[in-house]
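The primary structure of each chain is shown beneath.
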Amino acid sequence: MKPLNKPGTGRRTLGCLIILVVSLFPFVPAVAQEPDLVLRQNGVAERYQRLEELLLRLADVEAAENPERAALLRQAAKQSREKFVLQQLQNASEAIRSEKFADAVSNQDAASQGLAEILKLLTSEDRANRIRDEKKRVAEMIKDLKRIERAQRSTRARTENGSEMGQLKDEQQSIGDRGEKLKEQLAEDNREEFGEAKDSEAKDGEAKDGEAKDGEAKDGEAKDGEAKDGEAKDGEAKDGEAKDGEAKDGEAKDGEAKDGEAKDGEAKDGEAKDGEAKDGEAKDGEGQQSQSGPPPTPQQQAEKQLQKAVERMQQAEKELENSKRDEAVEQQLAAEENLRQAIDELEQILRQLREEEMQRELARLESRLKKMAAMQSKMIDDTVELAATPQTQRNRQTDLKAGDLSFEQKKITVEADRAMLLLREEGSSVAFPEVVAQIRDDSDRIAQRLGKTQIDAVTQGIQQDVLAAIEEMIQALQQAQADLEKQKQQGKSGQQQAGEPQEQPLVGAISELKLIRTMETRIKSTTQRYSGLLQSDDTSAQDLLPLLKNLSDRQARLYKITRDLVMQRNK
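Residue numbering note: each chain is counted from 1, following its sequence as written. Whole-chain, interface and lining totals are the exception, using all residues; otherwise, since this is a predicted model, local features are given only for residues with pLDDT of at least 70 and side-chain atom pairs are given and counted only at 80 or more. The side-chain quantities take in all heavy atoms of the structure and omit both hydrogens and water.

Some points on the overall build of the chain
And then number 1: Counting its regular elements, the chain contains 22 helices and 0 strands.
And then number 2: In short, Shrake-Rupley with a 1.4 Å probe defines the accessible areas, and a residue's cover is counted only from the protein chains shown. Accessible area of the chain: about 31,800 Å², with a carbon and sulfur share of 48%. Where helices and strands are cited, they refer to DSSP runs of H or I of at least four residues and of E of at least two residues respectively, numbered from the N terminus.

Listed below in structure tokens is the structure:
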């Protein structure tokens, strides 16, 4: 069991699970004998059943070292049961055996969709790292574009000021080469990100094959012509030339002259002039794709603007070579505008990635804090119940129960450490990490006091402070998520952040100030509680002295983080 908990082992095992899920997809053979189909479908069902069992076993192994991954694996297993993936695979096998192939295909399609959703869930664990890498890549590209844009502005100014043409031409050529190189890099990233290479292959295949609608002349007009014009049914095949005369003279199709297809010939489907207006099929599906396909992404728009900028640069180079200074300046100005638009598109991508990162971080923190709140609430109830035992009846059993409570409290301390790690890695918040650090220190102090069977009002008061701090943070995180969602819906993110070098902070300054105010209020109430305990003689001054010292340290740190927030040292 121990080797499974080594760093990276869980990740490699999860990768193996993902490979297993992917391997289950191609389970519909194109051509095979029926017994072979049944055996292969049974094999897929058995492999998937083992995969479901492996998900749960791996979740148990990861529970101690990586609870988030364990939760992800359990969620995948639960989703598999809710989607009835295994049952659908087994039903598909039975349908093939009974020669109910339509039912088999239906079950296979449903199972394939369920597998795709489970695969998406399993691969979501590394999304945070992918976002971080993507942000870094886009930020570097923005820097390169800004360098090119500054160089272009400098060259344009020198052109306007009458510098020597040969030198200007060389400078413009160098800038154009840099732009071309960056454009190729951006195009390559687009192909990797959006699969444009596959899309272009699909379009080329449509143009060549004319699937169902296009390319009649190339794929054999007997089939395509029937689908489109009904030649065979109308007896036009007897007019001869059904294959040879369609495109050239239209003799076999008297009605086609009205559509204008006789002019262009079906070999090209009347791409530009005829098919568009009448049947929408003339452009090999391109018109339909432009209408029904998704709009271009900001990254694709950036590539388009960069392509225009490179073309303008090349044109400006030609104008300089021909000693046409004014025309060159005009092209240079246009190139600068295209570069700025490309930068704007990439900055929009950066903002979108930041928003997604913020949503994930806020949700993760809220989930962890809710877990901590539930644990701390139970701890308070158990401590109060144990403290109700009269002093005269307390014995070794009481000490053992207090020790158990101390152990459970340490679990909350571990959760606080993990939450603090998330906040410090994110790095944009000032007040939130301090609150979590205080929660962690208080939780550790509670565990120490419970270990000594100190289940008095002081311990219970610290427990109440911890729970209150956790609940306040949960409310602040929920408000931050609501503000982020509202900001996205209103489309204010781009307007507020445009041109700013700093990233949007995880939580706003107002939320941080509210949390600081709450921390100050809690310090005040704790001071008053300790004062009351001293006056009532329920607790000795020596017992409260370390707690008062800690309270003083908190007040000093609160001053420091307030100053950091005012000085914007978190940016």
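Details of empty space enclosed by the protein
And then number 1: The distinction between a cavity and a pocket rests on a 1 Å grid over the protein atoms alone: a 1.4 Å probe fits inside a cavity but cannot get out, while a pocket stays open yet meets protein on both sides within 12 Å along at least five of seven lines, and a residue with an atom within 4 Å of a point counts as lining. Grid points are joined across faces, edges and corners, and a volume is the space filled by probe spheres set on the points. What the rule picks out here adds up to 4 cavities of 30 Å³ or more.
And then number 2: Space inside the largest cavity adds up to approximately 90 Å³.
And then number 3: Lining the largest cavity, in full, are Asp442, Arg445, Ile462, Asp465, Thr526, Tyr530, Leu547, Asn550, Leu551 and Arg554.
And then number 4: Secondary-structure elements contributing two or more residues to the lining of the largest cavity are helix H18 (431-451), helix H19 (457-490), helix H21 (509-536) and helix H22 (541-566).
And then number 5: Broken down by element, the lining of the largest cavity gets its largest block of residues, 4 residues, from H22.
And then number 6: By residue class, the composition of the lining of the largest cavity is 4 nonpolar, 2 polar and 4 charged. Here the term charged refers only to Asp, Glu, Lys and Arg, the term nonpolar to Ala, Val, Leu, Ile, Met, Phe, Trp, Tyr, Cys and Pro, and the term polar to all other amino acids, Gly among them.

A word on the environment of arginine 517
And then number 1: Take arginine 517: it is sitting in helix H21.
And then number 2: Put simply, arginine 517 and threonine 562 are 45 residues apart on the chain and 9.8 Å apart in space, counted from C-alpha to C-alpha.

Thoughts on the confidence of the model for the chain
And then number 1: Each residue gets a pLDDT score, which is the predictor's confidence in that residue and runs from 0 to 100. This prediction gives the chain a mean pLDDT of 75; 71% of its residues lie at or above 70.
And then number 2: The contact rule is simple, with two residues in contact once any of their heavy atoms fall within 4.5 Å. Scored below 50 in pLDDT, residues 26-32 makes 12 contacts in the model with residues more than four places away or belonging to other chains.

A look at unusual backbone geometry
And then number 1: Phi is positive for serine 323, which is not a glycine, with a value near 60°.
And then number 2: Among the secondary structure elements, serine 323 is positioned in the loop between helix H15 (298-321) and helix H16 (325-387).
And then number 3: Of note in this structure, threonine 453 is not a glycine but carries a positive phi near 60°.
And then number 4: Within the secondary structure layout, threonine 453 lies in the loop between H18 and H19.

Considering the pattern of salt bridges
And then number 1: Whenever Lys or Arg places a side-chain nitrogen within 4 Å of a carboxyl oxygen from Asp or Glu, that contact is recorded as a salt bridge. For the structure on display, the rule yields 34 salt bridges.
And then number 2: One salt bridge connects glutamate 160 with arginine 156, and the closest N-O pair in it is separated by 3.5 Å. Linking glutamate 160 with arginine 156, this pair stays in helix H6 (residues 127-160), spanning 4 residues, or about one helical turn.
And then number 3: Exposure classes here rest on a 1.4 Å probe applied to the protein chains alone. A residue is buried below 20% of its type maximum, exposed above 50%, and partly exposed in between. For glutamate 160, a relative accessible area of 43% translates into the label partly exposed.
And then number 4: The network of salt bridges with common partners includes Glu149, Arg153, Arg156, Glu160, Glu336, Glu337 and Arg340.

Focus on the packing of H21 against H22
And then number 1: To get an axis, fit a line to the C-alpha atoms, keeping to the stretch in contact for a helix; angles then go from 0 to 180 degrees between the N-to-C directions. At a closest axis distance of 11 Å, the pairing of H21 and H22 adopts a crossing angle of 160°. The angle between the axes of H21 and H22 places the two elements in the roughly antiparallel class. As for the relative orientation of H21 and H22, their crossing is left-handed in sense. From H21, Ala509, Glu512, Leu513, Ile516, Met519, Glu520, Ile523, Thr526, Thr527, Tyr530, Leu533 and Leu534 reach across to H22, where they touch Ala541, Leu544, Leu547, Leu548, Leu551, Arg554, Gln555, Leu558, Ile561, Thr562 and Leu565. Should an angle fall under 35 degrees it is taken as roughly parallel, and over 145 as roughly antiparallel, whereas 65 to 115 is taken as roughly perpendicular and any remaining angle as oblique. Should the near helix be turned anticlockwise from the far one by less than a right angle, the crossing is termed left-handed; should it be turned clockwise, right-handed.

Examining the nonpolar core
And then number 1: Judged by nonpolar contacts, the single largest core of 54 residues is most densely connected at Phe432, Ile439, Ile470 and Met473.
And then number 2: Sorting the residues of this core by element identifies H16, helix H17 (396-426), H18, H19, H21 and H22 as the ones contributing at least two each.
And then number 3: By residue number, the principal contributor to this core is H19, which donates 12 residues.
And then number 4: Filtering out sequence-adjacent residues up to four positions away, isoleucine 439 remains in contact with Met372, Ala416, Val466, Ala469, Ile470 and Met473.
And then number 5: Throughout this description, the term nonpolar core refers to a set of buried Ala, Val, Leu, Ile, Met, Phe, Trp, Tyr and Cys residues connected via side-chain atoms within 4.5 Å. Listed in part, the 20 residues of the second largest apolar core include Val138, Met313, Ala342 and Leu346.

A word on the packing of H17 against H18
Geometry of a packed helix pair, given as the angle between the helix axes and the separation of the axes.
And then number 1: Across the interface, H17 lies against H18 with an axial gap of 8 Å and an inter-helix angle of 165°. With respect to each other, H17 and H18 are oriented roughly antiparallel. Regarding H17 and H18, the two cross each other, and that crossing is left-handed.
And then number 2: Here the contact of H17 with H18 is composed, by residue class, of 15 nonpolar, 6 polar and 4 charged.

Brief notes about helix H5 (residues 101-123)
Helical geometry note: an α-helix holds 3.6 residues per turn, so side chains three or four residues apart project in the same direction.
And then number 1: Multiply 1.5 Å by the residue count of a helix minus one, and that product is the helix's expected span. The first and last C-alpha atoms of H5 sit 32 Å apart over 23 residues, in line with the 33 Å expected at 1.5 Å per residue.
And then number 2: For H5, the full list of buried residues reads Ala104, Asn107, Gln108, Ala111, Gly114, Leu115, Ile118, Leu119, Leu121 and Leu122.

Comments concerning the environment of alanine 309
And then number 1: Structurally, the position occupied by alanine 309 is in helix H15.
And then number 2: If sequence neighbours within four positions are ignored, alanine 309 has contacts with Ala335, Asn338 and Leu339.

A closer look at the environment of threonine 526
And then number 1: Position of threonine 526 among the secondary structure elements: in helix H21.
And then number 2: Linking threonine 526 and leucine 548, residues 22 residues apart in sequence, is a C-alpha distance of 9.2 Å.
And then number 3: The contacts of threonine 526, once residues within four sequence positions are left out, are Asp465 and Leu551.
And then number 4: Throughout this description, a polar contact denotes any pair of N or O atoms lying within 3.5 Å of each other; where both atoms belong to protein, one of them has to be capable of donating a hydrogen while the other can accept it, and for residues adjacent in sequence the pair is counted only when both atoms sit in side chains. A distance of 2.7 Å separates the side chain of threonine 526 from the backbone oxygen of arginine 522, its partner in a polar contact.

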